[in-house]
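# Residue-level structural notes
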Amino acid sequence: MKRSPAVSIRDVAERAGVALGTVSNVLNRPDKVAEATRKRVQDAIDELGFVRNDAARQLRAGLSRTLGLVVLDVGNPFFTAVSRGVEDRAAQDGLSVLLGNSDETESREAAHLDLFEQQRVRGLLISPVGDVYERLRRLGRRGTPTVLVDRLVEDHPYSSVSVDDVAGGRLAVEHLVQTGRRRIAFVGGPAGLRQVADRRTGAEQAVAGSGASLEIIETDGLVVGDGHAVGAALAARAAGERPDAVFAANDLVAIGLMQSLAMLDHRLVPGDIALIGYDDIDFAAATVIPLSSIRQPAELIGRTAVELLLRELEAIGSGQEVEHEQVVFQPELVIRASTAGQV
């Protein structure tokens, strides 16, 4: 099917019998045009089906109304909630959001950054996978500021919004120790992901001097399937060789673990193995055995990241020096039935 050519502002001017500038004024400064002329131009717009190309206009003016957002896994409800917070806050200032899913891979992350650079996004929000800082510096030199999301930045000049994941890991394992568990496993990966590394560090701090041990089980990713695989491996062990508690690096891994263990014996969790996750996604409270978790304020993280980005854009627009800010939220322990069984 042949596509009809787009209706241009020139077509509208010819149909209405006015100058191009008059159509422009009707679109952008209608108060400057006489009512009768305004009506004639609007009738022509309606008849021709003209739709203004705001994207092209903004690019010509060098002022995009779009933000770019790159998250690690859009399928993870935690990042869905972060994205919701970003979009809600951006909409308050008339900004739209382009969402990119890196899927925890550097190549996909780079592809999204290429696209956002081509689209001349106004600002960038990113939860990085790899070392993207040189790329972000290049964007910054072109006037596109960046705020890191769910990542504390220490050695680079960027604003960031994060949760203290070391404290969160410590909270999770201290809770397991306090319930009498002594053979604890930390399950998550990849180890190079900053959030995973910090949660593991907190777990290691919690067992130090407690009389408990910590087994590290690394996964390729942080999805339900990774939890299934580890749960099946634990179920294949002899009962005395299994951990009596598991701290999963996020709720999706914990849910996969719970499903695998329940297939072996529905009494395993929490009776023999206490289980705690991280993020406190909505599904955590709705599992067959409600899941204990470490809560992060996901939507607030997204909203706060946009607030920081807007401040930087305002400073750039007024020629002021940009002041970077690191906002760190504290995690919260949420206790449910998955850690409430007897040892």
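For the structure itself, consult the block above.
Quick caveat, the model's predicted, so the values are computed rather than measured.

Here we take up the environment of L310. As for its position among the elements, L310 is in helix α13 (residues 298-317). On a C-alpha basis, the gap between L310 and G123 in space is 8.5 Å, while along the polypeptide they are 187 residues apart. Setting aside residues up to four positions removed in sequence, L310 forms contacts with R89, D93 and L95.

The next point concerns empty space enclosed by the protein. Under the criterion given, the structure shown has 1 cavity of 30 Å³ or more. Put simply, the largest cavity is a space of about 120 Å³. Of all elements in the fold, only α5 (77-92) and α9 (194-207) reach the threshold of two or more residues within the lining of the largest cavity. Ranked by the residues each element gives to the lining of the largest cavity, the list is headed by α9, at 3 residues. Classifying every residue of the lining of the largest cavity gives 6 nonpolar, 4 polar and 5 charged.

Look at α9: 20 Å from first C-alpha to last across 14 residues, which is about the 20 Å you get at 1.5 Å a residue. For α9, the full list of buried residues reads Q195, V196, D198, R199, G202, A203, A206 and V207. The elements touched by buried residues of α9 are α8 (165-178), β6 (183-188), β7 (213-218) and β8 (245-248).

On to the nonpolar core, then. Soluble globular proteins tend to bury their nonpolar side chains together. In this structure, L125, V173, I184, V246, F247, L257 and L275 are the most contacted members of the largest nonpolar core, which totals 69 residues. The element best represented in this core is α13, accounting for 8 residues. The contact partners of V173, leaving out residues within four places of it in the chain, are I184, A203, A206, V207 and F247. Of all hydrophobic cores here, the second largest spans 13 residues; its members include V121, L124, L136 and L148.

This paragraph deals with the side chain of D244. Inspection of the secondary structure puts D244 in the loop between α10 (224-235) and β8. Despite its burial, D244 remains without a salt bridge, the nearest opposite charge being carried by R183 at 4.0 Å. One polar contact links the side chain of D244 to the main-chain amide nitrogen of R182, over a distance of 3.1 Å.

What follows deals with the sheet that holds β6. Spatially, β7-β6-β8-β9 is the arrangement adopted by the 4 strands of the open sheet, whose pairing is parallel. Among the strands making up the open sheet, the edge pair consists of β7 and β9 (274-276). Averaged over all pairs of adjacent strands, the angle between their axes in this sheet comes to 20°, without regard to strand direction. Pairing of β8 with β9 involves 3 bridges; the strand directions are parallel. Within β9, the position partnered with V246 by the bridge is L275. Packing of α8 onto the sheet brings it into contact with β6, β8 and β9, and relative to β8 it is tilted by some 170°.

The rules behind these values
- Residues numbered from 1 in each chain as written.
- Predicted model: local features only at pLDDT ≥ 70, side-chain atom pairs only at ≥ 80, totals over all residues.
- Heavy atoms only, no water.
- Helix = DSSP H or I, 4+ residues; strand = E, 2+ residues; numbered from the N terminus.
- Contact = heavy atoms within 4.5 Å.
- 1 Å grid on protein atoms, 1.4 Å probe; cavity = no way out; pocket = protein on both sides within 12 Å on 5 of 7 lines; lining within 4 Å.
- Points joined across faces, edges and corners; volume = space filled by probe spheres on them.
- Nonpolar A, V, L, I, M, F, W, Y, C, P; charged D, E, K, R; others polar.
- Expected span 1.5 Å × (residues − 1).
- Buried < 20%, exposed > 50% of the residue type's maximum accessible area, 1.4 Å probe, protein only.
- Core = buried A, V, L, I, M, F, W, Y, C linked by side-chain atoms within 4.5 Å.
- Lys, Arg positive; Asp, Glu negative; His and termini not counted.
- Salt bridge = Lys/Arg side-chain N within 4 Å of Asp/Glu carboxyl O.
- Polar contact = N/O pair within 3.5 Å; in protein donor to acceptor, adjacent residues only side chain to side chain.
- Pairing = 2+ DSSP bridges.
- Axes fitted to C-alpha atoms, helices over the stretch in contact; angles between N-to-C directions.

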